[in-house]
Amino acid sequence: MTSQAIDSHPFSARVFYDADCRLCIAGARRFARVLARRRVALVPLQSPGASTELGIAGGQLLSEMRLSLDDGKTFGGAAAVVEIARRIWWAWPLWALSRVPGAMRPMAAAYRWVARHRSCATGACDSARRDVQLRGLLPLLILPAVALLVASWLPRWGFMWAMAFALYAGSKWLTYCQALAGGGVANRLRKLGYLFAWPGMDAAAFLFGADPVARPSRSEWMAATLKTLFGATLTWVVARTALPLNPWLAGWLGMIGLVFVLHFGTFHLLSLGWRRLGVAAMPVMRNPLRSTSLAEFWGRRWNTAFHELASRFTFRPLLPAVGVIGATLLVFVVSGVIHELVISVPARGGYGLPTGYFLLQGLGVAGERTRIGRRLGLGHGWRGWLFTVIVTAGPAFWLFSPLFIRHVILPMLAVIGATPGHL
């Protein structure tokens, strides 16, 4: 926006941004109209007199964006962002969140991290790809921090879902931004569908896939429906019946039932609906009981959405530095840490068990590829199937500890009406 335009409008505030930074320029262009409607002007920090108006020495001028109000007040960095959010109805929740005691600290830290890594110290950012990565990573940094901040206000099961959604939404946005950075063109329906109506993480295939997609058969529709009904029965009938006999068993049954309702049933129905429209949206669960190796189970059949993320953002970047086995083990460690956030932290106990579980899975994957593992047939056939079942199901109580079942799952089942209460 030019200085002439600024002088001809009764603006009540001015946002100063770095006009030599591609990330900053892209943000200014994106929000120019939104801010103009709220009488907020955009002005480069490099403009004559900016340093004097803001009262900031030239060496510090480009360290962060600034907001200057006509009453003389100025805000910088994250404080400027939330003050701007207060003026925009759809961004107002961000400002409200910033009023929570302690909330500004992680927001300011996230802003400083982005500012440090935008590579504008020499007057220009590294590349458009770098900008996209920063924009994509920001929600993944902020949303889990927000979930932690509001944890004390939520029941334990509510915090579990809040953290799970924060990690999911941040990852979804990251994959979306990277896919668009590739230069493909997607229509609005696919964009909205990928962000809000599809749990998978292969953004490029969903948004830009042009190959013909086979229409799903009636038998597949029937199978997805039956899995959903089975999960609902397990959760709202069988778990209720089991509660007086054994609350721990009821918790497990209800939890398994919800996995069937969501991952095996509802997500499969969504896949069928999108494929019916010609979109490449394969199920995230692909008959995991047919796996004849741990590598097949975790890599191609169980929760392929997470596998897509782990492969793209952990395994491939680490592969040149630590090799196949090292990268594989680190992927499972990362998975363990994520499950600590979603399971151990809400349960307030059992710390380290989810990480131990996934580390065991990683060692199992590595072991079945060794000479001894191949000689024993651990990666194929009935022996591989049996080995997979034992390693994944045997230590499952490490992943879902009794504390998690008692303090998170059973109260949640009571709230959703699956059980009349818990013991």
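Described in the following lines is the structure provided in the data block. Please read these numbers as outputs of a predicted model, since none were measured by experiment.

About the criteria used
Residues numbered from 1 in each chain as written. Predicted model: local features only at pLDDT ≥ 70, side-chain atom pairs only at ≥ 80, totals over all residues. Heavy atoms only, no water. 1 Å grid on protein atoms, 1.4 Å probe; cavity = no way out; pocket = protein on both sides within 12 Å on 5 of 7 lines; lining within 4 Å. Points joined across faces, edges and corners; volume = space filled by probe spheres on them. Helix = DSSP H or I, 4+ residues; strand = E, 2+ residues; numbered from the N terminus. Nonpolar A, V, L, I, M, F, W, Y, C, P; charged D, E, K, R; others polar. Buried < 20%, exposed > 50% of the residue type's maximum accessible area, 1.4 Å probe, protein only. Salt bridge = Lys/Arg side-chain N within 4 Å of Asp/Glu carboxyl O.

Side note on the layout of surface pockets
- In this structure, the second largest pocket spans a volume of roughly 250 Å³.
- Along its surface, the second largest pocket is lined by 15 residues, and D202, M282, R286, T304 and E308 are the ones closest to its centre.
- Going through the elements one at a time, α10 (203-208) and α14 (304-347) are the ones with two or more residues in the lining of the second largest pocket.
- Residue contributions to the lining of the second largest pocket peak at four residues, all from α14.
- Partitioning the lining of the second largest pocket into residue classes produces nine nonpolar, three polar and three charged.

Here we look at unusual backbone geometry
- Of note, R39 is a non-glycine position whose phi angle comes to about 60°, a positive value.
- Within the secondary structure, R39 is located in the loop between α2 (22-36) and β2 (40-44).
- According to the relative accessible area criterion, R39 is partly exposed, its value standing at 42%.
- Look at R348: it is not a glycine, yet its phi comes out positive at around 55°.
- Overall, the relative accessible area of 52% leaves R348 in the exposed class.

Some details on the pattern of salt bridges
- Following the criterion strictly, the structure yields five salt bridges and no others.
- Of the charged contacts, one joins E83 and R86 as a salt bridge, the two residues approaching to 2.7 Å between their closest N and O atoms.
- The class of E83 is buried, set by a relative accessible area of 9%.
- Residue R301 is joined to E296 by a salt bridge in which the shortest nitrogen-to-oxygen separation is 2.8 Å. For the pair R301 and E296, a shared accessibility class is recorded, and that class is buried.

The values are spatial; any link to function lies outside them.
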